[in-house]
Amino acid sequence: MTVRARFLAPDGTPLSGAIIIRAPAQLTFPAADVILGGPVSAQLDAQGAVEVTLPATDSPDMDPSGWAYVVTEQLSGIPIGRSYNIVLPKALPEVDLADIAPTDPSKPNYVGVPGPKGDTGATGAPGARIYSGATAPAAGLGVDGDLYVRYETSTVLGVTSTTVSTWQRTAGAWAQLGGDVRGAAWYVNTTSTPSTGTRPGDMLLRTDTGDLWQRGASGWGSAVGNLRGPKGDTGATGQTGATGPGGVVQSVNGKSAAAVTLTAADVGALATSAAGVPSGVATLGADGKVPAAQLPAAGGGAVDSVNSKTGAVVLTAADVGALDQAAADARYAQTSAAVLLAGTQTISGGKTFSSIPSTTASPTTANHITRKLYVDGLGGGEWLPSDHGLLTWAFDPALGQSTALYPGSGPIRVTAVILRVPVTVTRIVWFATGYAGGLTTGSWAAIYDSAGTRVAATGDMSTATYEPAEVHTAGGATISSPLTASYAAPAGVYYVASRWQYNTGTGDGPMLLAAESGAGAPPNVFGQSPVKRFGVYTAGAAAAPATINVGAMENGANRIWTALA
């Protein structure tokens, strides 16, 4: 039982002192093998309040029974404190002395005992109800005062409308309140429309005639208008267009017949010679020249003029209806220069290439195109993550210390990695010198961007899908956990966080490859960059948080090797 009280002076100042609560004798609880005795002194706090927990006076199996507590108030400024009895039945688990203590000195000591349960009150009259349906209310439904809402839905010509009407039962009968509630509907059809399912005010458009109809109380009636306006004025005569193709051929070279036959002369060709030489073929004479008889008729010799010009003819652009260079430049303005095959040239603006430009020379300045062969050569004899099928890593794993480290059960371990180019990440990778399984719920790994926002995560690593593989081989092995979804990562710095939950007593956790971690808090920030390459959050989290406070990361030891794949 909890007993509370608060004592204040008339001006609201908290009183000090104590209340003494005594049981009449020692209390024995045989079932619990406990004997309670002595007074309970509860001191008032700075607000004049007090709270104390006591056994109920009707606790079962308590000896003696049928007794009451004696409460004595010892308050500063009140020379003679009150003393009164209280009963604390278990049916009332919380009691405030202000509710049960006597205030009139002439009244006898008060004993708080729950009163008997009162009689059940009379059943009240039922309230009004609201019914609904698609048809009118049945005559025997409900009582006076009840309401009924009717929802009548109909579909006409693909248009679905709902009509709402309200009814109230009065003097044993249902009566509709007001009219139907529904907006007017538009219908489109090529013939007349039945009135069934429509309502007064609905509109109908006849697409075959353009007539407009409005539904009245008894049906559609007659058309109320037409969308087609009066015939417009005749437009102005347009310009004469170019001459179109001719009709049926009437004549060929002045000849008109059902079957026209043209001779060589009709088309200016050479006729077959008397010697039987075909038209247009000359046979050289003994002198090596074409005989005069085989030469074309007058007018078929050398060109007399070109565009009315004779002599050594030189034609200009205007002579043949072409544009000179100035006119062509004015009409077809060139917005950019053509790419030169040789020589120096400056090309501005963004360009998209159908194939990647290549170069045969190594770069000599910062803005030169770089060959892959040149970039690969910069690595020298050093091993790169790509040489091991990885996207990036914290450091060359061959530089890790021989003795692996447990990550600890509970804290969040963080390792920073860097991506030089955009890549798609699917797994988080570690190296374990030994791991017998046994991760528990609350184990996870996640990737955060440089601002500390989570961008990808694994599932619960205590489950079969996400738990890293066990390692029992000499020298250890690479282990990993897949992301719940692949992540298209832009280039930049990322923090890989992991939390491992396991039984530390039996060493169920993995022993992970790490860099030299001998100092309790080795320096993990290098150079002018504020990036902390290794860190820890000692307060773990049951699941990967949406964000981490990068600035609050502790500079702990355990520089765990981590990679992305």
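Residues numbered from 1 in each chain as written. Predicted model: local features only at pLDDT ≥ 70, side-chain atom pairs only at ≥ 80, totals over all residues. Heavy atoms only, no water.

(A) Structural view of the overall build of the chain. A count of helical and extended segments in the chain gives 3 helices and 27 strands. In the chain, buried positions account for 29% of the 565 residues. Working note: accessible area of the chain is about 35,400 Å², and carbon and sulfur atoms make up 56% of it. (Helix = DSSP H or I, 4+ residues; strand = E, 2+ residues; numbered from the N terminus. Buried < 20%, exposed > 50% of the residue type's maximum accessible area, 1.4 Å probe, protein only. Areas by Shrake-Rupley, 256 points an atom, 1.4 Å probe, with all protein chains shown as cover.)

(B) The arrangement of the environment of Val224 in detail. Topologically, Val224 is positioned in the loop between strand E16 (211-214) and strand E17 (225-226). Owing to a relative accessible area of 55%, Val224 belongs among the exposed residues under this scheme. For the pair Val224 and Trp213, spaced 11 residues apart in sequence, the C-alpha to C-alpha distance is 5.4 Å. Leaving out residues up to four positions away in the same chain, Val224 has contacts with Leu212, Trp213 and Gln214. (Contact = heavy atoms within 4.5 Å.)

(C) Seen up close, the sheet that holds strand E13 (residues 173-181). The strand order E10-E11-E12-E13 describes an open sheet built from 4 strands, whose pairing is mixed. For this open sheet the edge positions go to strand E10 (130-133) and E13, each flanked by a neighbour on one side alone. Neighbour to neighbour, the strand axes of the sheet diverge by 25 degrees on average, direction disregarded. Inspection of the sheet shows strand E11 (residues 147-156) paired to strand E12 (residues 159-170) by 10 bridges, in the antiparallel sense. The residue bridging Glu152 from the neighbouring strand is Thr163, located in E12. (Pairing = 2+ DSSP bridges. Axes fitted to C-alpha atoms, helices over the stretch in contact; angles between N-to-C directions.)

(D) Just the pattern of salt bridges, in detail. In total, this model carries 8 salt bridges according to the counting rule given. Of the charged contacts in the structure, one is a salt bridge between Arg4 and Glu94, with a shortest N-O distance of 3.3 Å. Residue Arg4 is found in strand E1 (residues 2-6), and its partner Glu94 is found in strand E9 (residues 94-96); the two are separated by 90 residues along the sequence. Classification of Arg4 by relative accessible area gives partly exposed; the value is 30%. (Salt bridge = Lys/Arg side-chain N within 4 Å of Asp/Glu carboxyl O.)

(E) Structural detail: unusual backbone geometry. Cis peptide bonds are those with omega within 30 degrees of zero, and the linkage from Asp63 to Pro64 qualifies with 0 degrees. Relative to the helices and strands, Pro64 resides in the loop between strand E6 (49-53) and strand E7 (69-75). Unusually for a residue other than glycine, Ala171 sits at a positive phi of about 55 degrees. Position of Ala171 relative to the elements: it lies in the loop between E12 and E13. Classification of Ala171 by relative accessible area gives exposed; the value is 72%.

(F) Local environment of the sheet that holds E6. Spatial strand order, E6-E1-E9: 3 strands in an open sheet with mixed pairing. What marks the edges here is a single partner per strand, and that holds for E6 and E9. In this sheet, neighbouring strand axes are inclined to one another by 15 degrees on average, regardless of whether the strands run parallel or antiparallel. Of the pairings in the sheet, the one linking E1 to E9 comprises 3 bridges and is parallel in character. From the neighbouring strand, Val3 faces E9, where its bridge partner is Val95.

(G) Spatial organisation of the pairing of E11. Bridge analysis of E10 against E11 gives 4 bridges, and the strand direction is parallel. For Ile130, the partnering residue across the bridge sits in E11 and is Leu147. The antiparallel hairpin formed by E11 and E12 contains 2 residues in its connecting segment, where Leu157 sits at a positive phi of about 55 degrees.

(H) Broad picture of the packing of aromatic side chains. Tallying each qualifying case throughout the model produces 6 aromatic pairs. Considering the side-chain rings of Tyr406 and Tyr502, the 6.2 Å spacing of their centres and the 35 degrees angle between planes classify their relative orientation as tilted. Remark: Tyr502 occurs in the loop between strand E24 (492-499) and strand E25 (511-512) and Tyr406 occurs in the loop between strand E18 (392-393) and strand E19 (412-419); sequence separation between them is 96 residues. Take Tyr406: its relative accessible area is 37%, and that puts it in the partly exposed class. Its relative accessible area of 9% is what places Tyr502 among the buried residues. Seen in terms of ring centroids, Trp430 and Trp500 are 4.9 Å apart; in terms of plane orientation they differ by 70 degrees. Their pairing is edge-to-face. Of the two residues, Trp430 is situated in strand E20 (residues 423-434) and Trp500 in the loop between E24 and E25; the sequence distance between them amounts to 70 residues. A relative accessible area of 1% places Trp430 in the buried class. Using a relative accessible area of 1% as the deciding quantity, one classes Trp500 as buried. (Phe/Tyr/Trp six-rings, centres within 6.5 Å; stacked < 30°, edge-to-face > 60°.)

(I) Structural detail: the pairing of E19. E19 sits mainly inside the fold: 7 of its 8 residues count as buried. Pairing of E19 with E24 involves 8 bridges; the strand directions are antiparallel. Paired with Ile412 across the strands is Arg499, a residue of E24.

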